[in-house]
Amino acid sequence: MSQIIKLATPLTEEAVSLLKSGDQVSISGVLYTARDAAHKRLVDLLDQGKPLPFDISGAVIYYVGPSPAKPGRVVGSAGPTTSYRMDAYSELLMEVGMKGMIGKGKRAPDVVDAMVKHKAVYFAAIGGAAALIARSIKSVEIVAYEDLGPEAVRRMVVEDFQAVVINDVHGADLYQMGQEKYRIA
Amino acid sequence: MREIDVAEITEAVRQMSQTANFDLGKDVIRAFEWGLETEESATGKAIFKALIENAMIARDEKVPMCQDTGFSVVFVDMGQDVHLVGGSLEAAINEGVRRGYEEGFLRKSICDPFTRANTKDNTPAVVITQIVDGDRVKLIMAPKGGGSENMARVTMLTPSGGKKAVMDFIVQRCQEAGSNPCPPVIVGAAVGGTPEKAAILAKRALLRQIGSQNPDPELAEMEAELMTRINNLGMGPQGLGGRNYALAVHLDKHPCHIATLPLAVQICCHASRHKETIL
Ligand code: SF4
(Lines give C-alpha, C1' and ligand atoms only; values in the text may rest on other atoms or scores of the structure.)
Protein backbone atom coordinates (compact mmCIF):
# COMPACT_ATOMS: atom_id res chain seq x y z
CA MET A 1 0.00 0.00 0.00
CA SER A 2 1.12 3.53 -0.67
CA GLN A 3 2.56 5.75 2.01
CA ILE A 4 0.22 7.35 4.51
CA ILE A 5 -0.17 11.12 4.14
CA LYS A 6 -0.49 13.05 7.38
CA LEU A 7 -3.09 15.80 7.40
CA ALA A 8 -3.85 18.43 10.00
CA THR A 9 -7.14 20.33 10.28
CA PRO A 10 -8.33 22.87 9.33
CA LEU A 11 -7.40 21.79 5.80
CA THR A 12 -5.82 24.36 3.53
CA GLU A 13 -6.65 24.59 -0.13
CA GLU A 14 -3.04 23.71 -0.87
CA ALA A 15 -3.09 20.51 1.21
CA VAL A 16 -6.40 19.48 -0.32
CA SER A 17 -5.19 20.11 -3.87
CA LEU A 18 -2.25 17.74 -3.42
CA LEU A 19 -4.45 14.78 -2.52
CA LYS A 20 -5.28 12.08 -5.07
CA SER A 21 -8.02 9.48 -5.09
CA GLY A 22 -6.61 6.34 -3.48
CA ASP A 23 -4.28 8.18 -1.08
CA GLN A 24 -4.30 6.80 2.43
CA VAL A 25 -4.44 9.63 4.95
CA SER A 26 -4.10 9.98 8.68
CA ILE A 27 -5.96 13.03 10.01
CA SER A 28 -5.18 14.83 13.26
CA GLY A 29 -7.01 17.83 14.63
CA VAL A 30 -10.70 18.65 14.80
CA LEU A 31 -13.60 17.00 12.99
CA TYR A 32 -17.18 18.24 13.20
CA THR A 33 -19.87 15.59 13.11
CA ALA A 34 -23.16 15.94 11.29
CA ARG A 35 -25.71 13.60 9.75
CA ASP A 36 -28.76 14.44 7.62
CA ALA A 37 -30.90 16.06 10.33
CA ALA A 38 -28.03 18.36 11.38
CA HIS A 39 -27.16 19.13 7.76
CA LYS A 40 -30.70 20.28 7.17
CA ARG A 41 -30.46 22.71 10.07
CA LEU A 42 -27.04 23.99 9.00
CA VAL A 43 -28.25 24.65 5.49
CA ASP A 44 -31.41 26.34 6.82
CA LEU A 45 -29.15 28.72 8.78
CA LEU A 46 -27.19 29.52 5.61
CA ASP A 47 -30.44 30.12 3.73
CA GLN A 48 -31.48 32.61 6.40
CA GLY A 49 -28.08 34.31 6.26
CA LYS A 50 -27.29 33.31 9.84
CA PRO A 51 -23.89 32.13 11.14
CA LEU A 52 -23.14 28.43 11.58
CA PRO A 53 -22.53 27.07 15.10
CA PHE A 54 -18.86 26.33 14.27
CA ASP A 55 -16.12 27.67 12.03
CA ILE A 56 -16.64 26.04 8.65
CA SER A 57 -13.56 27.40 6.88
CA GLY A 58 -11.20 24.51 6.19
CA ALA A 59 -13.43 22.26 8.27
CA VAL A 60 -13.79 18.53 7.86
CA ILE A 61 -17.26 17.13 8.51
CA TYR A 62 -17.51 13.53 9.65
CA TYR A 63 -20.80 11.79 8.91
CA VAL A 64 -21.28 9.86 12.12
CA GLY A 65 -23.80 9.29 14.89
CA PRO A 66 -21.74 7.65 17.65
CA SER A 67 -23.13 5.17 20.13
CA PRO A 68 -23.25 6.51 23.73
CA ALA A 69 -19.95 6.59 25.62
CA LYS A 70 -19.50 4.10 28.44
CA PRO A 71 -18.55 5.69 31.76
CA GLY A 72 -14.93 6.83 31.68
CA ARG A 73 -14.73 6.93 27.90
CA VAL A 74 -14.91 9.93 25.59
CA VAL A 75 -17.06 8.27 22.93
CA GLY A 76 -18.81 5.04 22.08
CA SER A 77 -18.31 3.33 18.73
CA ALA A 78 -18.04 5.82 15.91
CA GLY A 79 -17.83 4.64 12.31
CA PRO A 80 -19.06 6.52 9.23
CA THR A 81 -22.64 6.57 8.00
CA THR A 82 -23.68 6.41 4.33
CA SER A 83 -22.90 9.69 2.63
CA TYR A 84 -25.47 9.99 -0.15
CA ARG A 85 -28.04 11.22 2.38
CA MET A 86 -25.93 14.37 2.73
CA ASP A 87 -25.56 14.94 -1.03
CA ALA A 88 -28.35 17.52 -1.18
CA TYR A 89 -26.58 19.76 1.34
CA SER A 90 -22.87 19.38 0.59
CA GLU A 91 -22.36 21.96 -2.13
CA LEU A 92 -23.75 24.77 0.03
CA LEU A 93 -21.30 23.88 2.79
CA MET A 94 -18.41 23.76 0.32
CA GLU A 95 -19.41 27.23 -0.87
CA VAL A 96 -18.81 28.61 2.60
CA GLY A 97 -15.47 26.89 3.08
CA MET A 98 -15.86 23.23 4.07
CA LYS A 99 -12.83 21.37 2.71
CA GLY A 100 -13.35 17.77 3.64
CA MET A 101 -16.09 15.20 4.22
CA ILE A 102 -15.70 11.74 5.76
CA GLY A 103 -18.29 9.05 5.23
CA LYS A 104 -18.83 5.88 3.27
CA GLY A 105 -20.31 5.20 -0.14
CA LYS A 106 -20.57 6.94 -3.47
CA ARG A 107 -21.45 10.63 -3.90
CA ALA A 108 -23.76 12.05 -6.55
CA PRO A 109 -22.13 13.43 -9.71
CA ASP A 110 -23.08 17.03 -8.84
CA VAL A 111 -21.33 16.68 -5.46
CA VAL A 112 -18.20 15.37 -7.21
CA ASP A 113 -18.34 18.36 -9.58
CA ALA A 114 -18.76 20.72 -6.64
CA MET A 115 -15.60 19.27 -5.06
CA VAL A 116 -13.67 20.17 -8.20
CA LYS A 117 -15.19 23.66 -8.27
CA HIS A 118 -14.69 24.46 -4.59
CA LYS A 119 -11.51 22.44 -4.05
CA ALA A 120 -12.72 20.00 -1.45
CA VAL A 121 -12.24 16.25 -0.99
CA TYR A 122 -14.29 13.29 0.14
CA PHE A 123 -12.71 10.61 2.31
CA ALA A 124 -14.05 7.22 3.34
CA ALA A 125 -13.38 5.53 6.65
CA ILE A 126 -14.07 1.81 7.07
CA GLY A 127 -17.82 1.47 7.46
CA GLY A 128 -18.60 -0.67 10.47
CA ALA A 129 -15.09 -0.66 11.97
CA ALA A 130 -16.55 1.59 14.62
CA ALA A 131 -14.94 0.23 17.78
CA LEU A 132 -11.52 0.45 16.12
CA ILE A 133 -12.09 3.95 14.73
CA ALA A 134 -13.18 5.19 18.18
CA ARG A 135 -9.58 4.65 19.38
CA SER A 136 -8.42 7.63 17.32
CA ILE A 137 -10.98 9.97 18.91
CA LYS A 138 -9.49 11.81 21.87
CA SER A 139 -12.25 14.16 22.99
CA VAL A 140 -15.82 14.97 22.07
CA GLU A 141 -18.08 17.89 22.91
CA ILE A 142 -21.51 18.76 21.61
CA VAL A 143 -21.55 22.12 19.85
CA ALA A 144 -25.14 22.24 18.59
CA TYR A 145 -28.49 20.47 18.30
CA GLU A 146 -28.26 18.38 21.43
CA ASP A 147 -31.94 17.49 20.93
CA LEU A 148 -30.92 15.38 17.93
CA GLY A 149 -29.24 12.85 20.23
CA PRO A 150 -26.78 10.77 18.19
CA GLU A 151 -27.28 13.24 15.35
CA ALA A 152 -26.13 16.31 17.30
CA VAL A 153 -23.19 18.31 15.94
CA ARG A 154 -20.06 17.34 17.87
CA ARG A 155 -16.54 18.68 17.89
CA MET A 156 -14.17 15.72 17.91
CA VAL A 157 -10.46 15.96 18.48
CA VAL A 158 -8.80 13.10 16.63
CA GLU A 159 -5.31 11.71 16.33
CA ASP A 160 -4.26 9.62 13.37
CA PHE A 161 -7.77 9.08 12.11
CA GLN A 162 -7.37 6.68 9.16
CA ALA A 163 -9.19 7.35 5.91
CA VAL A 164 -8.78 7.03 2.15
CA VAL A 165 -9.37 9.71 -0.47
CA ILE A 166 -12.36 8.74 -2.63
CA ASN A 167 -12.94 11.93 -4.66
CA ASP A 168 -10.14 14.42 -5.19
CA VAL A 169 -10.20 17.97 -6.57
CA HIS A 170 -9.65 16.61 -10.06
CA GLY A 171 -12.94 14.71 -10.16
CA ALA A 172 -11.44 11.21 -9.83
CA ASP A 173 -13.44 8.51 -8.06
CA LEU A 174 -11.72 5.68 -6.20
CA TYR A 175 -14.82 3.46 -6.16
CA GLN A 176 -14.88 3.49 -9.94
CA MET A 177 -11.11 3.09 -10.35
CA GLY A 178 -10.84 0.31 -7.78
CA GLN A 179 -13.74 -1.66 -9.16
CA GLU A 180 -12.58 -1.44 -12.77
CA LYS A 181 -9.25 -2.93 -11.75
CA TYR A 182 -10.81 -6.08 -10.30
CA ARG A 183 -13.80 -6.56 -12.58
CA ILE A 184 -13.95 -9.90 -14.40
CA ALA A 185 -16.17 -9.58 -17.46
CA MET B 1 -49.61 -26.74 27.99
CA ARG B 2 -46.27 -25.41 29.20
CA GLU B 3 -46.33 -22.02 30.91
CA ILE B 4 -43.58 -19.48 30.31
CA ASP B 5 -43.45 -16.16 32.12
CA VAL B 6 -42.87 -13.29 29.70
CA ALA B 7 -40.29 -11.94 32.17
CA GLU B 8 -38.02 -14.68 30.81
CA ILE B 9 -38.51 -13.28 27.33
CA THR B 10 -37.66 -9.76 28.51
CA GLU B 11 -34.50 -11.06 30.13
CA ALA B 12 -33.42 -13.02 27.04
CA VAL B 13 -34.01 -10.01 24.78
CA ARG B 14 -32.15 -7.71 27.18
CA GLN B 15 -29.12 -9.97 27.10
CA MET B 16 -29.18 -10.66 23.39
CA SER B 17 -29.49 -6.95 22.52
CA GLN B 18 -26.05 -6.61 24.04
CA THR B 19 -24.34 -9.87 23.11
CA ALA B 20 -25.46 -9.50 19.49
CA ASN B 21 -23.86 -6.07 19.31
CA PHE B 22 -20.65 -6.98 21.15
CA ASP B 23 -19.90 -10.49 20.04
CA LEU B 24 -19.79 -11.21 16.33
CA GLY B 25 -20.57 -14.83 15.34
CA LYS B 26 -17.67 -17.21 14.80
CA ASP B 27 -18.89 -17.98 11.29
CA VAL B 28 -18.55 -14.30 10.35
CA ILE B 29 -15.05 -14.08 11.80
CA ARG B 30 -14.07 -17.24 9.92
CA ALA B 31 -15.43 -15.60 6.78
CA PHE B 32 -13.22 -12.54 7.44
CA GLU B 33 -10.23 -14.85 7.77
CA TRP B 34 -11.13 -16.53 4.50
CA GLY B 35 -11.54 -13.07 2.96
CA LEU B 36 -8.14 -11.97 4.19
CA GLU B 37 -6.50 -15.07 2.72
CA THR B 38 -8.16 -14.90 -0.67
CA GLU B 39 -8.35 -11.13 -1.20
CA GLU B 40 -6.18 -9.89 -4.07
CA SER B 41 -6.28 -6.18 -3.29
CA ALA B 42 -3.88 -4.83 -0.65
CA THR B 43 -6.48 -2.32 0.52
CA GLY B 44 -9.01 -5.13 0.72
CA LYS B 45 -6.66 -7.22 2.85
CA ALA B 46 -6.12 -4.25 5.18
CA ILE B 47 -9.90 -3.91 5.53
CA PHE B 48 -10.33 -7.56 6.51
CA LYS B 49 -7.57 -7.14 9.10
CA ALA B 50 -9.27 -4.05 10.49
CA LEU B 51 -12.60 -5.87 10.69
CA ILE B 52 -11.07 -8.77 12.61
CA GLU B 53 -9.39 -6.32 14.99
CA ASN B 54 -12.65 -4.38 15.35
CA ALA B 55 -14.56 -7.54 16.24
CA MET B 56 -11.96 -8.44 18.88
CA ILE B 57 -12.12 -4.97 20.48
CA ALA B 58 -15.91 -5.11 20.57
CA ARG B 59 -15.93 -8.57 22.13
CA ASP B 60 -13.18 -7.91 24.70
CA GLU B 61 -14.29 -4.42 25.77
CA LYS B 62 -18.02 -5.07 25.47
CA VAL B 63 -18.61 -2.16 23.13
CA PRO B 64 -20.75 -2.29 19.99
CA MET B 65 -18.85 -3.41 16.88
CA CYS B 66 -20.72 -0.72 14.95
CA GLN B 67 -22.16 2.59 16.18
CA ASP B 68 -25.38 1.76 14.36
CA THR B 69 -26.68 -0.81 16.80
CA GLY B 70 -29.65 -1.35 14.58
CA PHE B 71 -33.35 -1.87 14.47
CA SER B 72 -34.18 -4.68 16.88
CA VAL B 73 -35.67 -7.36 14.69
CA VAL B 74 -36.87 -10.27 16.81
CA PHE B 75 -37.96 -13.59 15.35
CA VAL B 76 -40.20 -15.58 17.67
CA ASP B 77 -40.85 -19.22 16.88
CA MET B 78 -43.62 -20.00 19.36
CA GLY B 79 -44.38 -23.60 20.15
CA GLN B 80 -48.14 -24.09 19.96
CA ASP B 81 -48.11 -25.91 23.31
CA VAL B 82 -46.78 -22.87 25.14
CA HIS B 83 -48.94 -20.56 27.20
CA LEU B 84 -47.35 -17.18 27.94
CA VAL B 85 -48.19 -15.69 31.32
CA GLY B 86 -47.37 -12.48 33.13
CA GLY B 87 -48.02 -9.99 30.34
CA SER B 88 -48.05 -9.53 26.59
CA LEU B 89 -45.37 -10.84 24.27
CA GLU B 90 -44.67 -7.61 22.38
CA ALA B 91 -44.51 -5.53 25.54
CA ALA B 92 -42.08 -8.05 27.05
CA ILE B 93 -39.84 -7.90 24.00
CA ASN B 94 -39.89 -4.09 23.95
CA GLU B 95 -39.00 -3.98 27.62
CA GLY B 96 -36.01 -6.25 26.91
CA VAL B 97 -34.89 -3.94 24.10
CA ARG B 98 -35.34 -0.87 26.30
CA ARG B 99 -33.20 -2.33 29.10
CA GLY B 100 -30.62 -3.90 26.84
CA TYR B 101 -30.00 -0.75 24.80
CA GLU B 102 -29.84 1.51 27.85
CA GLU B 103 -27.57 -0.71 29.95
CA GLY B 104 -25.36 -1.66 27.03
CA PHE B 105 -24.73 1.96 25.92
CA LEU B 106 -26.19 1.09 22.55
CA ARG B 107 -27.42 3.74 20.15
CA LYS B 108 -31.13 4.39 19.93
CA SER B 109 -31.94 4.73 16.27
CA ILE B 110 -35.70 4.44 15.97
CA CYS B 111 -37.78 7.46 15.00
CA ASP B 112 -41.14 8.61 13.67
CA PRO B 113 -41.13 8.27 9.87
CA PHE B 114 -42.28 11.86 9.29
CA THR B 115 -41.24 14.03 12.23
CA ARG B 116 -38.07 11.92 12.68
CA ALA B 117 -38.52 12.31 16.46
CA ASN B 118 -36.48 9.60 18.19
CA THR B 119 -38.37 7.16 20.45
CA LYS B 120 -35.27 7.33 22.67
CA ASP B 121 -35.25 3.68 23.73
CA ASN B 122 -34.87 1.85 20.41
CA THR B 123 -38.42 0.52 20.63
CA PRO B 124 -40.65 -0.67 19.17
CA ALA B 125 -38.91 -3.81 17.98
CA VAL B 126 -40.07 -5.47 14.79
CA VAL B 127 -41.43 -8.80 15.97
CA ILE B 128 -41.87 -11.59 13.44
CA THR B 129 -43.82 -14.40 15.04
CA GLN B 130 -44.55 -17.85 13.73
CA ILE B 131 -46.34 -20.65 15.48
CA VAL B 132 -44.46 -23.95 15.34
CA ASP B 133 -44.90 -27.42 16.83
CA GLY B 134 -43.76 -28.17 20.35
CA ASP B 135 -43.58 -26.49 23.74
CA ARG B 136 -40.56 -24.25 23.37
CA VAL B 137 -40.02 -20.65 22.35
CA LYS B 138 -37.10 -19.79 20.11
CA LEU B 139 -36.09 -16.12 20.11
CA ILE B 140 -33.65 -14.70 17.60
CA MET B 141 -32.48 -11.13 18.08
CA ALA B 142 -31.08 -9.67 14.86
CA PRO B 143 -30.22 -5.95 15.14
CA LYS B 144 -30.09 -4.52 11.63
CA GLY B 145 -28.24 -1.37 10.62
CA GLY B 146 -29.84 1.29 8.46
CA GLY B 147 -27.08 1.54 5.86
CA SER B 148 -27.49 -2.00 4.63
CA GLU B 149 -31.26 -2.00 5.22
CA ASN B 150 -31.64 0.86 2.73
CA MET B 151 -30.30 -1.47 0.04
CA ALA B 152 -33.18 -3.98 0.36
CA ARG B 153 -35.66 -4.35 -2.49
CA VAL B 154 -38.83 -6.31 -3.15
CA THR B 155 -39.90 -6.71 -6.74
CA MET B 156 -42.59 -8.55 -8.67
CA LEU B 157 -40.90 -10.16 -11.66
CA THR B 158 -42.68 -11.58 -14.69
CA PRO B 159 -42.92 -15.37 -14.33
CA SER B 160 -41.53 -15.88 -17.84
CA GLY B 161 -38.26 -14.28 -16.67
CA GLY B 162 -37.58 -17.35 -14.51
CA LYS B 163 -34.26 -18.04 -12.85
CA LYS B 164 -32.37 -15.71 -15.14
CA ALA B 165 -34.47 -12.69 -14.17
CA VAL B 166 -34.09 -13.60 -10.50
CA MET B 167 -30.32 -13.87 -10.68
CA ASP B 168 -29.91 -10.77 -12.83
CA PHE B 169 -31.95 -8.73 -10.36
CA ILE B 170 -29.90 -9.90 -7.38
CA VAL B 171 -26.59 -9.17 -9.12
CA GLN B 172 -27.81 -5.77 -10.24
CA ARG B 173 -29.04 -4.96 -6.74
CA CYS B 174 -25.55 -5.63 -5.36
CA GLN B 175 -23.97 -3.55 -8.09
CA GLU B 176 -26.25 -0.62 -7.31
CA ALA B 177 -25.73 -1.03 -3.57
CA GLY B 178 -21.96 -0.80 -4.11
CA SER B 179 -20.14 0.54 -1.08
CA ASN B 180 -23.28 1.70 0.79
CA PRO B 181 -24.06 -1.44 2.82
CA CYS B 182 -20.50 -1.71 4.23
CA PRO B 183 -19.20 -4.63 2.20
CA PRO B 184 -18.17 -7.40 2.70
CA VAL B 185 -21.83 -8.35 2.84
CA ILE B 186 -24.15 -11.31 3.12
CA VAL B 187 -26.87 -11.39 0.49
CA GLY B 188 -30.21 -12.93 1.44
CA ALA B 189 -32.88 -13.44 -1.20
CA ALA B 190 -36.18 -15.24 -1.38
CA VAL B 191 -38.24 -16.08 -4.44
CA GLY B 192 -41.96 -16.77 -4.37
CA GLY B 193 -44.72 -16.45 -1.82
CA THR B 194 -46.20 -12.97 -1.69
CA PRO B 195 -44.17 -9.76 -1.48
CA GLU B 196 -44.33 -9.65 2.33
CA LYS B 197 -43.60 -13.37 2.64
CA ALA B 198 -40.57 -13.07 0.38
CA ALA B 199 -39.23 -10.12 2.40
CA ILE B 200 -39.42 -12.07 5.66
CA LEU B 201 -37.88 -15.21 4.17
CA ALA B 202 -35.04 -13.15 2.70
CA LYS B 203 -34.39 -11.52 6.06
CA ARG B 204 -34.36 -14.89 7.72
CA ALA B 205 -32.02 -16.28 5.05
CA LEU B 206 -29.43 -13.77 6.26
CA LEU B 207 -29.32 -15.63 9.57
CA ARG B 208 -28.17 -18.93 8.09
CA GLN B 209 -24.66 -19.84 9.13
CA ILE B 210 -22.05 -18.63 6.66
CA GLY B 211 -20.47 -21.58 4.92
CA SER B 212 -23.48 -23.85 5.48
CA GLN B 213 -24.88 -25.81 2.58
CA ASN B 214 -28.35 -24.99 1.26
CA PRO B 215 -30.35 -28.24 1.58
CA ASP B 216 -31.99 -27.58 -1.81
CA PRO B 217 -29.42 -28.53 -4.49
CA GLU B 218 -30.99 -26.22 -7.07
CA LEU B 219 -30.73 -23.22 -4.73
CA ALA B 220 -27.22 -24.26 -3.67
CA GLU B 221 -26.14 -24.15 -7.29
CA MET B 222 -27.73 -20.74 -7.78
CA GLU B 223 -26.00 -19.46 -4.65
CA ALA B 224 -22.60 -20.53 -5.97
CA GLU B 225 -23.24 -18.92 -9.34
CA LEU B 226 -24.48 -15.70 -7.73
CA MET B 227 -21.43 -15.53 -5.47
CA THR B 228 -19.15 -15.72 -8.51
CA ARG B 229 -21.13 -13.21 -10.52
CA ILE B 230 -21.37 -10.70 -7.66
CA ASN B 231 -17.71 -10.97 -6.74
CA ASN B 232 -16.64 -10.77 -10.37
CA LEU B 233 -18.02 -7.22 -10.41
CA GLY B 234 -14.75 -6.37 -8.64
CA MET B 235 -16.29 -4.13 -6.00
CA GLY B 236 -14.45 -5.84 -3.15
CA PRO B 237 -14.38 -4.93 0.55
CA GLN B 238 -15.90 -1.47 1.17
CA GLY B 239 -16.45 -1.20 -2.60
CA LEU B 240 -12.87 0.02 -3.00
CA GLY B 241 -12.03 -2.72 -5.50
CA GLY B 242 -11.12 -6.32 -4.82
CA ARG B 243 -12.24 -9.91 -4.94
CA ASN B 244 -14.53 -10.33 -1.96
CA TYR B 245 -17.66 -8.18 -1.90
CA ALA B 246 -20.01 -10.96 -0.78
CA LEU B 247 -19.07 -13.41 1.95
CA ALA B 248 -22.16 -15.52 1.26
CA VAL B 249 -25.36 -15.64 -0.77
CA HIS B 250 -28.31 -17.34 0.92
CA LEU B 251 -31.42 -18.20 -1.05
CA ASP B 252 -34.84 -19.44 -0.08
CA LYS B 253 -37.96 -20.14 -2.08
CA HIS B 254 -41.67 -20.58 -1.51
CA PRO B 255 -44.52 -21.54 -3.87
CA CYS B 256 -46.16 -18.51 -5.48
CA HIS B 257 -49.34 -17.61 -7.34
CA ILE B 258 -49.56 -18.80 -10.97
CA ALA B 259 -49.49 -15.15 -12.09
CA THR B 260 -46.54 -13.94 -9.97
CA LEU B 261 -42.81 -14.25 -9.35
CA PRO B 262 -42.03 -12.22 -6.23
CA LEU B 263 -38.41 -11.63 -5.27
CA ALA B 264 -37.00 -9.98 -2.15
CA VAL B 265 -33.34 -9.12 -1.72
CA GLN B 266 -31.95 -8.18 1.67
CA ILE B 267 -28.34 -7.24 2.20
CA CYS B 268 -26.55 -7.51 5.52
CA CYS B 269 -23.33 -5.69 6.22
CA HIS B 270 -20.31 -7.43 7.74
CA ALA B 271 -21.74 -6.51 11.18
CA SER B 272 -23.98 -9.53 10.75
CA ARG B 273 -25.47 -9.69 14.23
CA HIS B 274 -27.82 -12.33 15.54
CA LYS B 275 -28.15 -14.32 18.73
CA GLU B 276 -30.56 -17.05 19.64
CA THR B 277 -32.16 -18.25 22.88
CA ILE B 278 -34.45 -21.23 23.32
CA LEU B 279 -36.80 -21.13 26.30
S1 SF4 C 1 -24.28 -0.93 7.28
FE2 SF4 C 1 -23.78 -2.22 9.05
S3 SF4 C 1 -21.60 -1.97 9.39
FE4 SF4 C 1 -22.30 -0.31 8.07
S5 SF4 C 1 -22.72 1.38 9.44
FE6 SF4 C 1 -24.64 0.29 9.12
S7 SF4 C 1 -24.75 -1.25 10.75
FE8 SF4 C 1 -22.67 -0.51 10.68
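Residues numbered from 1 in each chain as written. Chains lettered and ligands numbered in written order. Predicted model: local features only at pLDDT ≥ 70, side-chain atom pairs only at ≥ 80, totals over all residues. Heavy atoms only, no water.

## A word on the nonpolar core
No. 1: If you look at the biggest cluster of nonpolar residues, it comprises 81 residues, and the most contacted ones within it are L31, I102, F123, M156 and F161 of chain A.
No. 2: No other element matches strand 7 (residues 153-167) of chain A, which puts eight residues into this core.
No. 3: Residues L157, A189, V191 and L233 of chain B belong to the second largest nonpolar core, which totals 27 residues. (Core = buried A, V, L, I, M, F, W, Y, C linked by side-chain atoms within 4.5 Å. Buried < 20%, exposed > 50% of the residue type's maximum accessible area, 1.4 Å probe, protein only. Helix = DSSP H or I, 4+ residues; strand = E, 2+ residues; numbered from the N terminus.)

## Describing the packing of helix 2 (residues 26-38) of chain B against helix 3 (residues 42-61) of chain B
All names here are of chain B.
No. 1: At a minimum axis separation of 8 Å, helix 2 and helix 3 run at an interaxial angle of 155 degrees. When the axes of helix 2 and helix 3 are compared, the pair comes out roughly antiparallel. The handedness of the crossing between helix 2 and helix 3 is left-handed. Together, I29, F32, E33, G35, L36 and E37 of helix 2 and K45, F48, K49, L51, I52, A55 and M56 of helix 3 make up the contact between the two elements.
No. 2: For the contact of helix 2 with helix 3, the residue count by class is eight nonpolar, one polar and four charged. (Axes fitted to C-alpha atoms, helices over the stretch in contact; angles between N-to-C directions. Parallel < 35°, antiparallel > 145°, perpendicular 65-115°, else oblique. Left-handed = near helix turned anticlockwise from the far one by under 90°. Contact = heavy atoms within 4.5 Å. Nonpolar A, V, L, I, M, F, W, Y, C, P; charged D, E, K, R; others polar.)

## Digging into the site of the ligand
No. 1: Around the ligand sit 13 residues, and of these G128 of chain A together with C66, C182, C269 and R273 of chain B come closest.
No. 2: More than one chain lines the surroundings of the ligand; the residues nearby belong to chains A and B.
No. 3: Looking at side-chain class alone, the shell around the ligand contains five nonpolar, five polar and three charged residues.
No. 4: Shared between two domains, the shell around the ligand holds at least three residues of each, these being domain 1 (2-22 + 65-144) and domain 2 (147-271) of chain B. (Near = heavy atom within 4 Å. Domains from an automatic or database assignment.)

## Considering the interface of chain B and chain A
How big an interface is tends to be stated in terms of the accessible area lost upon association of its parts.
No. 1: With 40 residues of chain B in contact, the opposing surface of chain A contributes 39 residues.
No. 2: With a shortest N-O distance of 2.7 Å, R135 of chain A and E61 of chain B are connected by a salt bridge.
No. 3: The tally of links from chain B across to chain A stands at 20 residue pairs in polar contact (both at pLDDT 80 or more).
No. 4: Element by element, the count of residues in the side of chain B that touches chain A is highest for helix 3 of chain B, at 11 residues.
No. 5: Tallied by class, the residues present in the side of chain B that touches chain A amount to 18 nonpolar, 15 polar and seven charged. (Salt bridge = Lys/Arg side-chain N within 4 Å of Asp/Glu carboxyl O. Polar contact = N/O pair within 3.5 Å; in protein donor to acceptor, adjacent residues only side chain to side chain.)

## What to know about the domain arrangement of chain B
Residue and element names in this part refer to chain B.
No. 1: The domain boundaries assigned to chain B delineate domain 1 (2-22 + 65-144) and domain 2 (147-271).
No. 2: Its C-alpha centre places domain 1 at a distance of 26 Å from the equivalent point of domain 2.
No. 3: Remark: the boundary between domain 1 and domain 2 carries two salt bridges.
No. 4: Note that K144 is salt-bridged to E149, the shortest N-O span being 2.9 Å.
No. 5: Linking domain 1 with domain 2 are four residue pairs in polar contact (both at pLDDT 80 or more).
No. 6: Those elements that provide at least two residues to the side of domain 1 that touches domain 2 are strand 2 (71-79), strand 4 (126-132) and strand 5 (137-144).
No. 7: With four residues, the top contributor of residues to the side of domain 1 that touches domain 2 is strand 5.
No. 8: Looking at side-chain class alone, the side of domain 1 that touches domain 2 contains seven nonpolar, one polar and four charged residues.

## Quick word on the packing of aromatic side chains
No. 1: Tallying each qualifying case throughout the model produces three aromatic pairs over all chains.
No. 2: Seen from their ring centres, Y32 of chain A and F54 of chain A are 4.2 Å apart, and the 20 degrees between their planes marks the pair as stacked. With Y32 of chain A in strand 2 (residues 24-33) and F54 of chain A in the loop between helix 2 (36-47) and strand 3 (60-62), this residue pair connects regions lying 22 residues apart in the sequence. Taken individually, Y32 of chain A and F54 of chain A each receive the classification buried, so the pair is uniform in this respect.
No. 3: A centroid spacing of 6.4 Å and a plane angle of 55 degrees characterise the contact between F32 of chain B and F48 of chain B, whose relative ring orientation is tilted. (Phe/Tyr/Trp six-rings, centres within 6.5 Å; stacked < 30°, edge-to-face > 60°.)

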